Amino acid sequence: MLSLTLTGINLKNPIMLAAGIMGTTGGSLKRMAESGAGAVVTKSIGTAPKAGHNNPSMVEVDCGYLNAMGLPNPSYKNFQEEIDIAKDGGVPVIASIFGGCSLDFSEIAGTLRADAFELNVSCPHAHGYGAEIGTDPALVEDITRAVKDAVRAPVWVKLTPNVTDIKSIGLAAQKGGADAVVAINTVRGMAIDIESGYPILGNKFGGLSGRAIKPVAIKCVYDLYETLDIPVIGVGGISDWRDAVEFIMAGAQAVEVGSAVGNNINVFNEISSGMEAFLEEKEWTLEDIHGMAHKV
Amino acid sequence: MKPVNAVITKVVEENPTIRTFYFDTSFEPVPGQFVMVWIRGVDEIPMALSCDNAITVQKVGHATSALFELEKGDSVGIRGPFGNGFDIKKGHIALVAGGLGAAPLAPLAEKARSAGIKVTTLLGAKTKEELLFRERFEAVGEVRVATDDGSEGLHGYVTQLLDDEKKSSQIYCCGPEIMMKKVLDKVPASKAQFSLHRYIKCGIGICGACCVDGLRVCKDGPVFSGDVLKRTEFGVYRRNECGERVRV
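Computed from a prediction, not measured in an experiment: that's the story for all the values here.

Asks: I would appreciate a short explanation of the overall build of chain A in the present structure.
Replies: Helix and strand counts for chain A come out as 11 helices and 14 strands. What you see for chain A is a C-alpha radius of gyration of 18 Å, in line with the 19 Å of a compact globule of 296 residues. For chain A, the spread of C-alpha atoms along the principal axes amounts to about 50 × 50 × 40 Å. In chain A, which comprises 296 residues, the share counted as buried stands at 62%.

See the structure below:
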């Protein structure tokens, strides 16, 4: 009862693993697939091996997690093997990719084989990448079109909330031919060690994820659903089935779960069964609740 | 949790490359748990707790070198303890320690002994001077020694001391991965626990950088049963900081 077709891909449920979580090894992606995720998104992959920022690269704060991993990845040249292992998990594998220009993106997407591509134009803390691109509608449109020209698989564009108007970036992605948008990446943030005055993250600042950003993400999804014709995939602070239902009511066709995996490796199965029981009790379908907040 | 400020109360030079740093804070770990040690302005690294309030560090890279510059009264930021720690079994246990691998095994030996468990330790190092925590192990049970250069005990590897230990109720192992792989190949896998080291980033089971296939060293580990490891890339590959496969 939770199955759906998302940008032409059949999913057994709408709860996917978010990019950057358990996504570096094929084995960890496979484990998440076997733990009930409807699809898994890889760590963001670039053109060359990258070590990322110095530690601390992720710390728990009062209301969520701050991270500045710095896009560590083995490069697309060393990653097909991991995707192939992940595929043994039996669910679609979506390659998250990043680059500094449209050529980087199309080079990676044109070479990797994956069920879909998620373009990371939203990482808030990697100089020359991510949100430095994703805050410019013209660049987003250009990159999206370049990848669409290079691949036949669906292309999703992951958006940053660190803009004045996320709708304009979503529209740019849609204009470039995106099959869906994913909202949101982390919210820019920082924490300081008061014993010493040092910013805690090795990169000094980073992105906030977890519970604190859920209302921010819900509003972004709500606005994008109203504005766009393409599907919206919701992500940001989901840790249980109620959160997932809320995102779908805001307009998300599917959702991604990230930080919550840390304390609950079984989160996908729990969300699916919770959501199923809820829909049964309410005698609603997934389609009934999709965008419900706009219709009541 | 954010890093907790921990002030260094004592630095003990165990040998020319290994020092133990004692803190004003007790972390009350299960033996085998680790902490993330933040040397402010430099880096944050995972270190096993060798006592309730101490880490034992080998100078190998930029972060450990920076740590070696610190003295009594200086402080670091600490997150943890993290991970599962050793599962202490009754009976007569054997510890197999190679080099710095003695660090998480010494508190295990002491805790086991105080619970009435018999402990035999096989302790290996490059030279006699580098046999870490020999006195601590000797205080709680029998110790047999191997050194690479033959300066003490068996001239060879600690894995060559493995014999009767196969009959132990449980074998606990920590050391270089090649050595641990040899132990895994020699003993009944289901009766052995191994403490792994990997490049750890988040330390809290989210990022996946430390995964051995699907297993998170920081959260599911760092201690794993041998029969779990037999089905993984342990002993074959590790991942570097980029996530590339590197032969062990």
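Asks: Hey, could you run me through the overall build of chain B in this one?
Replies: Per the secondary structure count, chain B includes five helices and 17 strands. The C-alpha radius of gyration computed for chain B amounts to 17 Å, which stays within 12% of the reference 18 Å derived for 248 residues, consistent with globular compactness. Over its C-alpha atoms, taken along the principal directions, chain B stretches across nearly 50 × 35 × 35 Å. A buried classification covers 54% of the 248 residues belonging to chain B. Pairs at least 24 residues apart make up 59% of the contacts formed inside chain B by residues separated by at least 6 positions.

Asks: Even after reading the chapter, I still don't get the packing of helix α5 (residues 137-150) of chain A against helix α6 (residues 166-175) of chain A, so can you show me in this structure?
Replies: Describing two packed helices takes the angle between their axes plus the distance from one axis to the other. Residue and element names in this part refer to chain A. Packing of α5 against α6 leaves a shortest axis separation of 7 Å and a crossing angle of 30°. By the angle class used here, α5 and α6 are roughly parallel. Crossing angle aside, the handedness with which α5 passes α6 is right-handed. Facing Pro137, Val140, Glu141 and Thr144 of α5, the residues of α6 in contact are Ser168, Ile169, Ala172, Ala173 and Lys175. Of the residues assigned to the contact of α5 with α6, the class counts are five nonpolar, two polar and two charged.

Asks: Looking at this structure, how should I read the sheet that holds strand β12 (residues 192-195) of chain B?
Replies: Pairing between sheet strands relies on hydrogen bonds along the backbone, with the strands arranged either parallel or antiparallel. Residue and element names in this part refer to chain B. Ordered in space as β10-β9-β8-β7-β11-β12-β15, the seven strands form an open sheet in which the pairing is mixed. What marks the edges here is a single partner per strand, and that holds for β10 (154-155) and β15 (223-225). Where strand β7 (residues 92-98) lies against strand β11 (residues 170-174), five bridges are found, and the strand directions are parallel. Looking at the pairing, Ala97 lines up with Cys174 of β11. Of the strands in this sheet, β7, β8 (118-125), β9 (141-147), β11 and β12 are in contact with helix α2 (residues 102-114), which crosses β7 at around 160°. Helix-sheet contacts for helix α4 (residues 177-186) involve β7, β11 and β12, and the interaxial angle to β12 is about 170°.

Asks: Quick question: what am I supposed to make of the environment of Met275 of chain A here?
Replies: Residues and elements named next belong to chain A. You can see Met275 is positioned in helix α9 (residues 267-282). A tally of 24 C-beta atoms within 10 Å means that Met275 is categorised as buried. Between the alpha carbons of Met275 and Trp241 there is a distance of 5.4 Å; along the sequence they are 34 residues apart.

Asks: Quick question: what am I supposed to make of the sheet that holds strand β8 (residues 116-120) of chain A here?
Replies: Residues and elements named next belong to chain A. Here eight strands make up a closed barrel; going around it, the order is β3-β4-β7-β8-β9-β10-β13-β14 and the pairing parallel. Neighbour-to-neighbour, the strand axes of the sheet open up by a mean angle of 25°, direction not taken into account. Pairing of strand β3 (residues 15-17) with strand β4 (residues 39-41), which is carried by two bridges, proceeds in the parallel orientation. Across the sheet, Leu17 pairs through a bridge with Val40, a residue of β4. Lying over the sheet, helix α7 (residues 214-227) contacts β10 (180-183), β13 (232-235) and β14 (252-257), oriented at roughly 175° with respect to β13. Along the sheet, helix α8 (residues 241-250) contacts β3, β13 and β14; its crossing angle with β14, the most-contacted strand, is approximately 145°.

Asks: Hey, could you run me through the interface of chain A and chain B in this one?
Replies: Buried accessible area, meaning the area lost when the parts come together, often serves as the stated size of an interface. Contacts between chain A and chain B engage 38 residues on the former and 29 residues on the latter. The set of elements that each furnish at least two residues to the side of chain A that touches chain B consists of α1 (26-34) and β5 (58-61) of chain A. Residue classes in the side of chain A that touches chain B are distributed as 15 nonpolar, 16 polar and seven charged.

Asks: Help me out: how do you make sense of the pairing of strand β9 (residues 155-159) of chain A in this one?
Replies: Looking down a regular strand, the side chains alternate between one sheet face and the other. All names here are of chain A. Of all the five residues making up β9, five are buried; the element is thus mostly covered by neighbouring parts of the structure. Taking every second residue as pointing to the same face, both faces of β9 are buried, with Val155, Val157 and Leu159 on one and Trp156 and Lys158 on the other. Inspection of the sheet shows β8 paired to β9 by four bridges, in the parallel sense. Its bridge partner lying in β9, Leu119 is registered against Val157. With four bridges joining them, β9 and β10 adopt parallel strand pairing. If you follow Leu159 over to β10, its bridge partner there is Ala183.

Asks: Can you help me understand unusual backbone geometry in this one?
Replies: Comment: phi is negative for the bulk of residues other than glycine, and the bulk of peptide bonds are trans. Residue Pro56 of chain A follows Asn55 of chain A across a cis peptide bond; omega there is -5°. Here Pro56 of chain A is to be found in the loop between β4 and β5. The amide bond that connects Gly80 of chain B to the next residue, Pro81 of chain B, takes the cis arrangement and shows omega of 5°. Considering the arrangement of structural elements, one finds Pro81 of chain B in strand β6 (residues 75-82). The residue Ser75 of chain A is not glycine, and still its phi comes out positive at about 80°. Among the secondary structure elements, Ser75 of chain A is positioned in the loop between β6 (64-67) and α2 (80-87). Owing to 16 C-beta atoms within 10 Å, Ser75 of chain A belongs among the partly exposed residues under this scheme. The backbone phi angle of Asp213 of chain B is positive, close to 50°, even though this residue is not glycine. Its place among the elements puts Asp213 of chain B in the loop between β13 (211-212) and β14 (215-216).

Asks: Quick question: what am I supposed to make of the environment of Ala217 of chain A here?
Replies: Residues and elements named next belong to chain A. Topologically, Ala217 is positioned in helix α7. The spatial distance from the C-alpha of Ala217 to the C-alpha of Arg188 is 13 Å, given a sequence separation of 29 residues. The residues contacting Ala217, other than those within four sequence positions of it, are Ala183, Ile184, Gly234, Val235, Gly236 and Gly237.

Asks: Just checking my understanding: could you explain α8 of chain A for this structure?
Replies: Residue and element names in this part refer to chain A. Taken across its 10 residues, α8 has nine buried, putting it largely inside the fold. Considered for burial, the residues of α8 that qualify are Trp241, Asp243, Ala244, Val245, Glu246, Phe247, Ile248, Met249 and Ala250. Of the residues flanking the end of α8, it is Gly251, one or two places downstream, whose phi is positive at about 130°.

Asks: Please explain the confidence of the model for chain B as it appears in this structure.
Replies: Interpretation of this model should avoid reading the predicted coordinates in detail wherever pLDDT is low. Per-chain confidence: chain B averages 95 in pLDDT, with 99% of residues scoring 70 or above. With pTM at 0.95, the complex prediction returns an ipTM value of 0.94.

Cut-offs applied
- Chains are numbered independently. Their residues run from 1 in the order of the written sequence.
- Here every chain gets a letter starting at A, and every ligand a number starting at 1, in the order they are written.
- Residue-level local features of this predicted model are given only where pLDDT is at least 70; pairs of side-chain atoms are given and counted only at 80 or more, and the full residue set underlies all totals for whole chains, interfaces and linings.
- Helix and strand assignments come from DSSP, with helices taken as H or I runs of at least 4 residues and strands as E runs of at least 2, each series counted from the N terminus.
- Taken over C-alpha atoms, the radius of gyration is set against a globule rule of 2.2 Å times the number of residues to the power 0.38.
- Using C-beta atoms placed from the backbone, we call a residue buried if 20 or more other C-beta atoms fall within 10 Å of its own, exposed if 12 or fewer do, and partly exposed for counts in between.
- Think of it this way: build a C-beta for each residue from its backbone, and any pair within 7 Å is a contact.
- Fitted lines through C-alpha atoms serve as axes, helices being fitted only where they are in contact, and the angles separating the N-to-C directions of these axes extend from 0 to 180 degrees.
- Just so you know how the angles are binned, under 35 degrees is roughly parallel, over 145 roughly antiparallel, 65 to 115 roughly perpendicular, and the rest oblique.
- By definition, any crossing whose near helix is turned counterclockwise from its far helix by less than a right angle is left-handed, and any crossing with a clockwise turn is right-handed.
- Three classes are used, and their members are as follows: Ala, Val, Leu, Ile, Met, Phe, Trp, Tyr, Cys and Pro are nonpolar, Asp, Glu, Lys and Arg are charged, and the others, Gly among them, are polar.
- Two strands pair under a simple rule: DSSP has to find at least two bridges between them.
- Scored between 0 and 100, pLDDT is the confidence that the predictor attaches to each residue.

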